Each structure stands twice: as structure tokens, then as C-alpha cells.
Number of protein chains: 4
Amino acid sequence: MSDGMHDTSLAAAYQDVRRRSLQLAEPLSDEDCGAQSMPDASPVKWHLAHTTWFFETFLLEPREAGFVPFDAAFRVLFNSYYNGVGARHPRPRRGLLTRPGMREVRAYRANVDARMGRLLAACPDDAALASLVELGLQHEQQHQELILTDVLHLLAQSPLYPAYHPAGHSDAALAPARASEWMAFDGGLVEVGHAGAGFCFDNELPRHRTYLQPFSLASQLVTNGEFLAFIDAGGYRDPALWLSEGWDAVAQNGVAHPLYWIRQADGWHVFTLHGLRPLDLHAPVTHVSLYEADAYARWAGARLPLEAEWETAAAAAAGGSLADLFGTCWQWTASSYAPYPGYTAAAGALGEYNGKFMINQYVLRGASCATPPGHARASYRNFFPAGTRWQFSGIRLAR
Amino acid sequence: MSDGMHDTSLAAAYQDVRRRSLQLAEPLSDEDCGAQSMPDASPVKWHLAHTTWFFETFLLEPREAGFVPFDAAFRVLFNSYYNGVGARHPRPRRGLLTRPGMREVRAYRANVDARMGRLLAACPDDAALASLVELGLQHEQQHQELILTDVLHLLAQSPLYPAYHPAGHSDAALAPARASEWMAFDGGLVEVGHAGAGFCFDNELPRHRTYLQPFSLASQLVTNGEFLAFIDAGGYRDPALWLSEGWDAVAQNGVAHPLYWIRQADGWHVFTLHGLRPLDLHAPVTHVSLYEADAYARWAGARLPLEAEWETAAAAAAGGSLADLFGTCWQWTASSYAPYPGYTAAAGALGEYNGKFMINQYVLRGASCATPPGHARASYRNFFPAGTRWQFSGIRLAR
Amino acid sequence: MSDGMHDTSLAAAYQDVRRRSLQLAEPLSDEDCGAQSMPDASPVKWHLAHTTWFFETFLLEPREAGFVPFDAAFRVLFNSYYNGVGARHPRPRRGLLTRPGMREVRAYRANVDARMGRLLAACPDDAALASLVELGLQHEQQHQELILTDVLHLLAQSPLYPAYHPAGHSDAALAPARASEWMAFDGGLVEVGHAGAGFCFDNELPRHRTYLQPFSLASQLVTNGEFLAFIDAGGYRDPALWLSEGWDAVAQNGVAHPLYWIRQADGWHVFTLHGLRPLDLHAPVTHVSLYEADAYARWAGARLPLEAEWETAAAAAAGGSLADLFGTCWQWTASSYAPYPGYTAAAGALGEYNGKFMINQYVLRGASCATPPGHARASYRNFFPAGTRWQFSGIRLAR
Amino acid sequence: MSDGMHDTSLAAAYQDVRRRSLQLAEPLSDEDCGAQSMPDASPVKWHLAHTTWFFETFLLEPREAGFVPFDAAFRVLFNSYYNGVGARHPRPRRGLLTRPGMREVRAYRANVDARMGRLLAACPDDAALASLVELGLQHEQQHQELILTDVLHLLAQSPLYPAYHPAGHSDAALAPARASEWMAFDGGLVEVGHAGAGFCFDNELPRHRTYLQPFSLASQLVTNGEFLAFIDAGGYRDPALWLSEGWDAVAQNGVAHPLYWIRQADGWHVFTLHGLRPLDLHAPVTHVSLYEADAYARWAGARLPLEAEWETAAAAAAGGSLADLFGTCWQWTASSYAPYPGYTAAAGALGEYNGKFMINQYVLRGASCATPPGHARASYRNFFPAGTRWQFSGIRLAR
């Protein structure tokens, strides 16, 4: 799905990406790395091991002469969801695996990295190898984002408000955002999906035609201040604003504000990777579910964009008329996650990467502050269930 | 949303539809009418009362001078999901309402029918009235279908295999179905959504353009025999065929065949409204979830149609090239239930009719053997969660 | 376990008890008789059929020449918990058995009664038969009490407050209760358990010695007024008064008053078999769990009696120094339900009657307003889990 | 409740007990110490902190001039269940508290130990202080046992079978146990409960009279080999052997052998603190629930002892006629955990130590291999819910 990187550049990319995963774990204790705060999240240690398992399973095993796994038990422990590769450790119980410990997992990484280095050096022009390595690196970048979202969720469980990175400056923009404007687009017959030579996931293909009505997108993301107005107007208490399922979720869980917002005597705060901070009214609202995004949009007399609208606009927005397309937060769309016309999953276990999740999930577009630099693109399709709140998910309005 | 029926024809239609609901209850005892076999189903008595509540609430209350409700408590007991109309009795507890009994509910129906008769006679040319009455009748027809699906589910709970309608002939086709062929369609820019003067629900509007790749649909529905081949080939045990969520549902609930199939010493049987019958291999398979339909399609090297493909083909299929479009079983599509571009819900409580369910549900097209005659049409959008099996839901393949 | 009744007196007793069960169902519709309001309760229809199943299974089947069951399916449908007799219909799904209906169940009763009549006439002096028949009648009386408690719970689910027996006078005492006094007992070595010739259940045997410290029992049951003082003093909000498990149950379920108490604008009411009534402050409090009884006792500076204390006092109380021993409400004791020293269950399936429930249940002594006249005695051991509230359960203090 | 230890001996005892807790954590990584394998278990780190919290809260806070807590947040985080001391962190979420880490908890222990040292030195003859310190040490010993049981449960979650203490010799007896014999006791009026000057918990008081029938106890505990015979005879599949609730638990959880037994191709193994070991048929069976113990006893034609029987026999068994009274495994009794006649809980928060758990739990007597030496005695009352299996719980038969 790309023309790949190769020669020394691929080996260098491999080292860069792999090193960054360990850097993300640096501010954390071994205890931090072992805990799992909910079934949807995984321990940092597990992310570090699973991404290594990916290279061991899909690269080393089929290509290394006399392959011997680093540890046979790791084949089961660190398989995420690939039924085609055999048994798996149950996902909600990943936090109970105190053995192997972080030391063994670091050794596992070092071992696989050394063997991968030899493999890459031995096969400098193997396009199929390069393609798989690149998939593994993109996969690892996806888990780098999850490391940050999962750590944030874990630290939020402690009443001590511990910071992942205390010295860091605030997530929030220092300067007030500009007022949002409606950017109009013609629609009509457009093409969406990945084009060109770079890497993409299989769910971005094939590029295909679709038809759009004329539409407008907001130039700015919805801010904390705007969302607070929705709260203060009773938005969480008016069923007319909500999808039926969203209303039930809000009622059942007593949801009355975005995840990580905390009301204290001196006003609203938000728990971030830098600890507890006063709520920045000018920063984009994040950690809202699709239900909340949809209710806000209805309250604001607007709607959420279709993913094809977002992609078309993003492709046309080179001049920067749409702010925060990438790097602030993922943006919920109204599109359910479905295969593109003519989509075919890869053969074998890697075919499980994307296709089997195309049910009851919704697409988010863009990229967040937790997304590794260079990872995302206009055709990138992120997806989560509608109730998801622990991702850096925000709102761009359409109409 | 229609040009309505009026004058005597509307009053006659009212009487016809209302009478048919009672006819559906005739083979049932009061005990049968009171029970609720699962939260998704409702007692027949509740259906009979709720459809009456609809006319009382949306027609009589705003239009009858000196309106007095038949029974104030019924306003809460028989509200289904209209938050805009006030409190509701919890859905999973409808089967515990032994009071009011069937006798009172019959009296309720007779009372509202008499008052509706006077209202219709008094306002012969009131188009708004006619439109609301028609909505109420279409609504009642939807509940007529649910009466049959819910009764089938209830009777299936008894080890006695009681028949709803023992004297009836089999649901199954007597003659073998013809072999299925692939019917090819060009796709391109098409228009979908309701057109013309007749009634439609708001979710069928607005009619709008969409773009389709060339596609083919199977001329016949998947049969019990074909589905049995999938079972015998181990289809329920191969995770590669399943959506991830479907695989989990199958594993968790031990699903290994369509709902109501029962394996006995002398072969497969199926529980129907006419009791337990030997499985007719030539009849279309029904009572499968979207998960099962999708897995079957993948196994068969095909896919499920998009709702726009189905509608386009149905509109072009006047000559009958596609069998069983209506009247046998609803046909799962791969399309999530979403608003059409420009969709707007009605104002007030009736705006809750469709729009708020447009999340995590999938569209079925066609009509089933339980659908009242004349109720469905090519643009009709039925919708249920992907795991739904107690509806008459089947499979038409696409590719 | 008794010298039995025989000759005409047994046949007459049979008819009396069996007739009374049907009388209890007279104020109810068929719909009322079919519904099941929670897994712990059963439909009236089920009680009527199960008690009949008992005679068919334990009397007719082993003793009737050429025995043919009334309906083979009933053997499974109406078995309660006798593993030794084969399969059972799942308890929480009893309310879904709309077939057989009440008409068939009445026919089932009439059929078994006729055959029982012939059996009794044919074996006038069969002591073993008489003993089993008596067990069946005592068993039916236990279900007569459950019919009333289960109907009360079912009717309480309706917001209409329907009365089981509207014309009846209040449950509540008309005259104020006399002030409670402490009745002192010496304790020491005492004998408890059933003595004498009359019927008893196996769990009342063997009569045996036990040692009691000196103790006192309250002459009167705790009244609604006294319990209201506990509520008004914040009793439900003070964890120091509660057993840990009780505190969790209260918190989890939001319990703040006895079951069936309803606070309205004009004060406290209570839902009874005669409908909604103003709370009678002089009547004994009922429908409290052991947790609530224990918390009240601790608040009142007292404790709950041991079952041996209650029985010893009841045996000594012929002069009436202890009011309401029988006929008002069951009285929670602090004694867990355990076998008496030397207890042996009956052989065969009837051995499942009592013994296998001797775990995590607590003993109640006395009898309630729903207990059939003549059914209970001083050695009678009723038992329910500590959280049970739908029985007529009240409080007698000890210290 | 004792005459206490004082002067240097108390300070020395304090240091000994406190040091031993840290020694128990030595074979464990920080990750091991942070994980919680189920709601009933706690992380080792939590045990280490909570026992420290006990001294800080009940000793330092009321007695230290100018008391300042080590960390105010720890007051909430490490409160177990004392409602009287304020808010608590939810028990099932203790494993998510990666902050504070083990390093901070060690600092917390050192800080409190230093302050306790000063307090003890300053008040050499304060009997009330000595009594509270002794309670704190006994409390810490109880948690030392839980550290071992909880670590065993945690390590059992890993498919790697990691050993807590690999070099250790087997738990199992090296020599075959002698055949069990029935030791007969007269019963009659006996006294049970703690007597004498040493420490005891409040639930062992007051010593009081009770009456026992003549009884016999088995001289040996039930062995793995004997329990295997029960399994091989189909004991887990015969409902006639089980308490109703036990049968349901076995069926629901698919229980077919004691916890930690693992059947491999080469026979039965058992997971222990020393890793996976072949099952020693001569060693006492452990890790069985009361349900399993009761079913085994019924199958063996015996029963479980009453706690008064056990205590009476243990007191009379100085000559050693009863093997393994202490130090192998706790022994289930048939006695529900209830207050002794005249029991009064301590005033204030410490009154929550025992009394509020006297409901739906059953008494175990003796002591296990995980119990700190010197901690238990004949009058000691351990208690757990009937389904508990992760404790070192075994079976001594009675009849």
C-alpha cells in the first residue's frame, strides 16, 4: 500500500519509531506501566510488548532462518485480536500480567530489534519486507497514541491528580482561538480515499467516487467555552437534543460534562497529562463521546460532518481555512465505519487489522495532540464506538 | 408527507386497520396477551393499548373540545418512548402490568375509536388531521407486525411448542425456489428516497442523489438449505468469517443456527407461528442477525447490499427479476441507519418517531410475511440493531 | 413425622386445603395469575400447578396402577427444585409460560384431585400414604402463603395501586397496641424442636438440648410508628447501625423505608392487599429485611432473638404475655438456618425439601397474616435470605 | 483484651512484625506489588500501606502532639472499611493506584515506624497504648497472611506459572499422612471463647457456656488423594451431595476441582507459592469452598464440625490426637459467623473491626501455612463467605 522506505532509511525509521515508544514510558514507574484502568485500555507494558510481538510474528517468524521465539508464552500473552495467529490472553486481564515484568519486556524489545536490524540489513531491496515493516511501524505509532490516552485514563483514577509530565506546558492554547466561520463547499461528485504513493491502511482504499450535497464546515473546533454554554443551558438534561442511545448512556452513567472535567470550588478544571489545570475556555473541547458531540451539534443548530465531507474539505484546505485539522483532537463524524466500495482485506491474519471492526463504530477524522507527528493524513480513518470518551475526541460542526 | 386519505375513505381505513389489530389477538388468550418474553418485545396487550394511546395523545387531546383522558394513568403506562409527552413505564416491565387487563384495554380501544369516529366525521376536509391519522394508522401497522414477531418469540419460550395459528398452512414455500442468478445494475448517479404523493415516514426523505458503483444483486433470497451448508461447513466456528462483534456475540450466546431452528433426532425443525415444522430447505432463511447474514455472505464470496443499491434495484425490478422483494422477510443491508442529507425531524414529540434512533442500527429493506399488506414500499427503511434475530430477517446477497 | 389424619378426615382435609388454593385465586384475572414480578416470586398459576404436580409425582405416580401423567410436559414445567425428579423449567422464566393457561391448570387440578380421591378411598389405613398426603397439604399451605406475598409484590408493580381484595378491612390493627414490656426468661438448658404427635417438617427435628443465657423478649412487635422514629432519626443513613452487607444493600438499592411504604404529599402510605392505605402507626412494621431489623434493634439498644430463645419463650407464653406470636408477621431471628444436631433429610427427592437450603439463610419464627390458619406452631422454622423484604416479616426485640 | 506487652518488649515486637511484612514483599517486583487480581484481594502495596495507616490513624493521630499526617490523601486511599474514619477508595479499584508507588509506601512505613518508636519510648507504661499497639500488630499479621493468599491468586493469573519463592521446598508433606481415625468427645455443657491473659480479638469474647451433643472429629485432615476419589466418583456432578447454593455456584462457574488444581497430560498438578507442582496425594486438600467441603463430607458419610466442637476438641487435644490443628490450613466449620452471647463491639471506629461482618459468613478454625507463627490459638475465629476458595482452606470431618 505504499512504495515503502528502504535501505538505510527504513532501518533508521525503524529505530526512530521503536525508540520513541520507550521514550513515552520514561516518565512512568514500572507500576504505572503495568496497570490497566479499564477493559478498553491496556497497560503501557502490554503496548510495548504487543508492538514487538507484531514484528516477531509477522516479520521474524516467516523470514528468519531457524526462527525461535524469544519466549513461547509471549505468543499468547501479547496477541491482541488476531484469531488467525492462535490463542490470546483475555483483554480485560492484561493488567494482571505482572510477569513478565518491564525488565523482561525491555529485553524482549532489544532482542527483536537486534534481529530486525539483521533482517533489514540482509534484505536491502525486498519490497514486500519493507511494506510489512512499514505496516509494523505505523501500527506501533497507533499504539504510541494509545499509550498516552491509556496513561491519562489510568492517572485519572488516582485522587492525587498525578501528572504524566509535570514540567510540560499546558495542552491548552495560550491565545484565544479566532471566531469560527462557516466554510462553504460545493459538493457534487468527489473522490475520496487514499491516493498517491505513500503508506496508507487498507481501510482507506480503494479511492472511489461519492456524491455530496453542498455543505459547510466550521473553521474552528468547538471550544471548552462553547461547550460550557451548552452545559449551562441544560444541554445534558434535555432529551430532545440526544440520540436515544446517547440519552440512555448519559442517564445511566450520570454524565454531565466531558470526561476529565472536574468542578471545584474555584471553578472548572480539567485533568491532563500535565496534571490538573484550570479549564481553558478558548481551547477545543476534547474527551467527548459521539453522543455528546451530536447533542451539542443539534443544540447549536448544526450537525456533524460526514467523513467524505471532512476529507474533501481537508484536501481543499491547503490554504489553512480550516484550523486544527490535525494535531489537536480527533473530530467525530456522522459516518459509521464501513468498508469502501470494493474494499478487500489483506489475506491471512493481517486481514484482521481493520475489516472485522466495521460494525457499530463511527469514524473520526484528523489527528490529536497524542498522534505521533507525521502519522496521519487527510484520508486517515480512525474509528471508535459512539460512547468512547477517553480518546482526544472533539467536535467540528457542519451544516 | 402524503396527500392523505380523507372523507369516508379515511374513516373506513381507520376502522379497517384498527379492526385488524384485534383480529391478530383473536387466537390468543388473555394470558398470552399479557406476557413479555424479553425487554425488546412487548405484550400484545401493550401494543393494543399503545397504538390507542397514540390516537388519544396526538389526535384527540389537541383537537377534542373538553378533552378528558379515558384513564389518566394510561398516559404513562402506554407511552413508548416519547420523552416529549412525559413519564413512561419502564419498557422491560411492561409484562408486569396485569392491570389494566385485556377487558379494560378493549374498552379503551372502543372508547377512542368512537371518539375518533366523531372527530373524523366532524372535520371531513382537514388535511392536517388526515395526515396525522394516516401516521397513526401506519404506526399501528408497524405494531401489527411486532405483535406477530413478539408472539412468536413468546410462544417459543414454552417447551410445548404451542402454535399461534395451528390450522394455517406452512410459512414455507411449497415449490422449490428457482436457482438464484446475479442481476447486474449499472449504478452511477441515482436518486433514492420517497417520491410521489403517497404516505412515507420522515426517514425516507428527502429524496436525494447518491453515487453507486456498478453492482449485482441475487435474484433469490438465501435459502434454509444454503444456510445449512454454511453451518455444515463450520461457518459458526470460523472467526475469519465474522465481524469481531459478531464473533463475540456468537461465542457468548452459544449461537450455532438461526433463531427458532431446533435440531431433533429426525432432523432440523423450525418453530413458526403454526407450530414446530420440519425445516423447508427451499424456503428463505429467516431470523438471522446482521452478524450471521454478513458471515454467510463472506463465506459465499459475496457481501450484503447497500440500502441504496437495494432501493435502486427494487425500483428497476418491476418486471420481477428480483424475487421476494416484499412479503417474505426483511433483508439486511450493510448500511447503518443514518439521516438522509437534509433530513429534518418533525417538530414536537412526533419528531422522536425516527430520528433519535439513527445510531448503531442497520437498515433492512423489503417487507416480511408479518408486514400488513400494503404497508411497505421500495423506499421504506426498517432498522434494528445488528444482533436482532426475532424479526423475520433474511439475506439477499450482493457483489 | 406425625400420626397423620386418616379415614374420611384426611380426604376432607385434602379437599379443604385444595379448595382454599382456588379460593385465593378468585379475586384475580387470568392475566394476574400468569405474571411473575421477580425471580423470587412465582405466578399464581404456577403455584396452583406445582402443588398439584407434588401430589401427582409423589403420591399418584408410585401408587396408581398404570399411572399416566396428565401431561408429560407438566412434569418439567412444574417441578420447583427437585433435582432428583429430573429437569426443571428455569425459575425466572415461569412468567413466560402462558401455555398451559389457567383453564388447563384448573383441569389439571380437577384431574389430580379426582384421582387422589380414589386413591384415598382405596387405602383407608395406609399410614405411609397418609403421611405423604399430609406433607403435600402442608406444602400446599406454604404455597398459599406465597400466593399472597407474590400477588402483593406483583400488584405493587402497577402505578394504579390495584387492590387484591378491595372490600377487605385494613390489615392494620384498629386499636393502638399496648406499650411493649420486656419479658424475662431464665434460659439455661432447654429443649427445642418439635415434640408430640402432630405434623412437623423434618427441619424441626430432632428435638434436642441447647443452652441459653438469661434473656428478655419484647412483649409487642415493633410498630410502624417506632420504625418511623428510626427513619426520622436518620437510621438509614448511619453506617454504624448496619451490618456491612446490609449497609451495601441499602446504599446500592437506595432503600430508605420498608418495602411498600410510599411517601405522598399527605404523609406515609403503605400498599397492601387491600390497596393503598395510610400508614397505621400502631400496627407492627412488616416487609423489612433482616438487615433493617438488625439495624433497628441496634439503634434501639437491643438485638434480635435467637430462634431457641423465641421458641422457648413461645412455649412458655401460653398465658399470652407475648403478643402477636402468630398471625401478624414472621419475626426475624439472629439464627442462621442450620440443621439441628442429628438432623437427617428424608431419602429420595423429598430429602431436597429443606436440607439443601441450610446455607446463607436466616430463620424467622411465628406466622403471618398470610399464613393459613393452623399451619404454624412454636417449633416451625421459616427461612429466607437476609435481604428478603416481600414476605410479611417484622421485628420482635430481644436483649 | 490482653495484659499487653510493654517496655522494650513491645517496641521489639513492633519492629519484628513490621519488618516481616517487608520481608514478605522481597521476592516481588514493584509491578507484582501493585496489581489486584480480584475485588476480594488487594495489592501487596495496599496491604503495606493500610497496616501503616492503621497505626497512623488509631495511634499517632490521637496521641502525637501536633499530629500532621504523612500525606493527607493516604487517609482516604488506605482506609479499608472503617466508615467511622471517613471516605474510602473503592475496594475493587485498589489495583489502579499506581501512585503512590512502592517507594513512597516504603517511605510512609519508615516515617510511621520512626514516630511509633518515639511514641512507644515516651509512654513506657501506658496500658491503653500497649493494647492498641498490640491490636495493630495482630491486624498486621492478619494482612501478612492475606499478602500470601493474594499473591498466590495474582500469580495464578499468569500462564507462565511464576513462583513466588522458587527455591522453597514443597508445601506438601514429605511423608504420607497417617490414616485418619475418629476421635470421640463427650460434649455436654462446655465453655468456649477466649480465656486467660493473652491477646484475643473481640469476636472471641465473652467466654460462655454452650451445650454439645457427643461428637467425633477426624484425627487427620482430608487429603488430596481422598478428595480426588470424590472427584473421580462424580462428586461434582451429583446434585444430591450439594447445598442448593453450592450446586448453583459449581454449575455457574464450571467448578470441577479445587482452585489451583490443573490437569495436564501427565496428571494433576497444583499451583503453589513455589510454582506448579505435581499433586501430592498425601497432603491435605486446600483451596476448597465451604460448598465443596460440605459436599465432600456428605459424600463421605460425615459432616463438618461446629466451631464449638472444634474448639472443645482442640483444647482437649494437647496430647496431639488431632493432627494439623494449626499451621497447615484453615478448617471450615458448619457454624455461621455470629456474635457470642453478650458480645459487644468496641466503641468508635475500631468497633467496625469484626462485628459488622457477622452475616452470611462461616467460621474457619485453626491456622494455615500462611498464618504468621504465634498468631492463632484455639479460640481464634476466622471467617469468610461460603464460596471463598483463595484462602488456604481445607476439611476436617466430624460426625
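Reading the values: rules and limits
- Residues numbered from 1 in each chain as written.
- Chains lettered and ligands numbered in written order.
- Predicted model: local features only at pLDDT ≥ 70, side-chain atom pairs only at ≥ 80, totals over all residues.
- Heavy atoms only, no water.
- Contact = heavy atoms within 4.5 Å.
- Buried area = accessible area lost by both parts, 1.4 Å probe.
- Salt bridge = Lys/Arg side-chain N within 4 Å of Asp/Glu carboxyl O.
- Polar contact = N/O pair within 3.5 Å; in protein donor to acceptor, adjacent residues only side chain to side chain.
- Phe/Tyr/Trp six-rings, centres within 6.5 Å; stacked < 30°, edge-to-face > 60°.
- Buried < 20%, exposed > 50% of the residue type's maximum accessible area, 1.4 Å probe, protein only.
- Lys NZ or Arg CZ within 6 Å of the ring centre and 35° of its normal.
- Least-squares fit on C-alpha atoms with pLDDT ≥ 70 in both.
- Core = buried A, V, L, I, M, F, W, Y, C linked by side-chain atoms within 4.5 Å.
- Helix = DSSP H or I, 4+ residues; strand = E, 2+ residues; numbered from the N terminus.
- Domains from an automatic or database assignment.

Turning our attention to the interface of chain A and chain D. Each partner contributes residues to the interface: chain A has 29 residues there, and chain D has 29 residues. Roughly 2,200 Å² of surface becomes buried between chain A and chain D when both sides are summed, with 56% attributable to carbon and sulfur atoms. For chain A, the biggest contributors to the area lost against chain D are Glu31, Leu96 and Arg99 of chain A; these three give 33% of the whole. Across the contact surface, chain A and chain D share four salt bridges. A salt bridge links Arg99 of chain A to Asp32 of chain D; its shortest N-O distance comes to 2.9 Å.

Counting residues at the interface gives 25 residues for chain D, matched by 25 residues for chain C. Around 2,100 Å² of area is buried between chain D and chain C when both sides are counted, 57% of it from carbon and sulfur atoms. Of all residues in chain D, Tyr211, Ile359 and Asn360 of chain D give up the largest surface area on contact with chain C, accounting jointly for 28% of the area buried on that side. Our count for the chain D to chain C interface comes out at zero salt bridges. Our count for the chain D to chain C interface comes out at nine residue pairs in polar contact (both at pLDDT 80 or more).

Once that is clear, we can look at the packing of aromatic side chains. All told, the structure shown has 130 aromatic pairs over all chains when counted by the stated rule. For the ring pair Phe227 of chain D and Tyr236 of chain D, a centre distance of 6.2 Å and an interplane angle of 70° mean the geometry is edge-to-face. Here Phe227 of chain D and Tyr236 of chain D have matching classes, each one buried. Aromatic rings pair up to connect Tyr14, Trp53, Phe54, Phe55, Phe58, Tyr81, Tyr82, Tyr337, Phe357 and Phe383 of chain D into one cluster. Here the basic side chain of Arg94 of chain A rests over the ring of Trp46 of chain A, its NZ or CZ set 3.5 Å away from the ring centre. Seen from the ring of Tyr340 of chain A, Arg381 of chain A lies directly overhead, with NZ or CZ sitting 4.0 Å from the centre.

Before going further, it helps to spend a moment on the relation of the copies chain A and chain D. One copy of the chain maps onto the other through a rotation about an axis followed by a shift along the same axis. At an RMSD of 0.0 Å, chain A and chain D line up after a rotation of 180° and a shift of 0.0 Å along the axis. One copy is carried onto the other by what is essentially a two-fold rotation axis. Nearest to the rotation axis, the C-alpha of Glu31 of chain A is located 2.4 Å from it, this being the minimum over chain A.

Here we come to the arrangement of the chains. Nothing in chain A touches chain C, and the closest approach of their C-alpha atoms is 14 Å. At the level of C-alpha atoms, the two units chain B and chain D stay apart, their nearest approach being 14 Å.

Residue and element names in this part refer to chain A. Ranked by internal contacts, the top residues of the largest apolar core, which has 103 residues, are Val133, Phe227 and Ile395. Counting residues per element, this core draws most heavily on helix H6 (residues 127-155), at 11 residues. Domain assignment of the residues forming this core places at least three in each of domain 1 (10-155) and domain 2 (171-394). Setting aside residues no more than four positions away along its own chain, Phe227 makes contact with Val222, Tyr236, Pro258, Trp261, Val285, Val288, Glu292, Tyr296 and Ile395.

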